[in-house]
Amino acid sequence: MPKQYKLKGASLDAIRVKAEQQYGPGARIVSAEKVTNPGIAGLFAANRYEATIEVPAEGSTQLANSSCRFDGSERQQVRASWDAHLGGEAQLAGAAHLGAAAHALQGPAIAALLEQADAAEMDLHRPAAAVSTASPDFAGMLEQLGKEFRAPAAAVGHAVPVPVPAPLAGSGSLIVLLGLGDDALGPALEMSIAEGGSDVRTAGALTAFGHLHVAGRQGATAARAQAVLTGQTVLVAYGLGRPREAVTHAADIAALAADQLWLVSDAGRKAEDTAAWVRALSAALTAERVRVDALAVFGASETGSPETVNGLGLPIGWVDGKPARVAVLGKVD
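The model shown is predicted, which means the values in this text are computed figures rather than measured ones.

Let us now look at the nonpolar core. Residues V176, L178, L240 and L263 are the most contacted members of the largest nonpolar core, which totals 38 residues. Broken down by secondary-structure element, the contributors of at least two residues to this core are β4 (174–179), α7 (216–230), β7 (234–239), α8 (250–255), β8 (260–266), α9 (271–287), β9 (294–298) and β10 (316–319). Counting residues per element, this core draws most heavily on α9, at 6 residues. Of all hydrophobic cores here, the second largest spans 17 residues; its members include A188, L206, A208 and V264.

The next subject is the pairing of β9. Among the 5 residues in β9, 4 count as buried, and that is most of the element. In this structure, β8 lies alongside β9, joined through 5 bridges in parallel fashion. Along β9, the bridge assignment pairs V264 with A296. Where the polypeptide runs from β8 across α9 and back to β9, its parallel neighbour, the crossover connection is right-handed. Relative to β10, β9 runs parallel, the two being bridged by 3 bridges. The residue bridging L295 from the neighbouring strand is I316, located in β10.

Criteria and cut-off values
Residues numbered from 1 in each chain as written. Predicted model: local features only at pLDDT ≥ 70, side-chain atom pairs only at ≥ 80, totals over all residues. Heavy atoms only, no water. Core = buried A, V, L, I, M, F, W, Y, C linked by side-chain atoms within 4.5 Å. Buried < 20%, exposed > 50% of the residue type's maximum accessible area, 1.4 Å probe, protein only. Helix = DSSP H or I, 4+ residues; strand = E, 2+ residues; numbered from the N terminus. Pairing = 2+ DSSP bridges. Right-handed = clockwise from strand over helix to strand, strands pointing away.

This is how it looks when you write it as structure tokens:
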């Protein structure tokens, strides 16, 4: 069975080269996403790509020419992400897998799509224009800055379908789950069971009997190395302490350099209280150039309004001990 890994880079070509160096010529890109760091009101904005790499199992007869090249379906994914970005979507949680649609396109349509994708990538790497405080648009930029730190819009009614995120698999991959108190430990253990047995550890303000504690980048690197030897994924349950303490952990979270970052939320807690500490933590993580990839929810079956977690603006991938079927929760009648 082929294995999948996550790689990041400034362009898909850079990811392709990195994938072939790390995993061999059989590695190929199966999905890709353009991630935009908006900076401060457009200042110091930066862009990068995140791609899922599939590596065939040993002994596979997959041809080398199907390696990690930038093919039509991947360019279509880049174009879809770019269009959503220009259309002002609140947050693009992930690029939908459009491989099947690529086969339905014929000659001229594919050529036009590739040309558009190339133009989008050129725009991505074009240096940003200098901005002066004397510019007449500077006041408008400050206003936009305020809007970026307001509460995210509810996920219900997204114009673009949001794919359901799944826990990353792969030997040595590091997944970090962030939660208040000991909230992150339960979902981490559940994901481990679903995976068939992962290396579950703790970090931050959380400790648990029988689980090793990860402290800083060195501890995370050591955990990865051990997991490579045992063929496991590392799941770190990170304790944020109390709500007002969550924001103080941003730098320590960034130091772990996780491959995937999940936020754990109790659907039964007051929505306004949860949104307050999540916004503060997300802003602090953005300053550290880190973003949250997905939301794990518990207590959804014990409340009449589980859909309030949609207001956090994160795609839901785990609900009450099981993988989510949709990325947003519906209202209970």
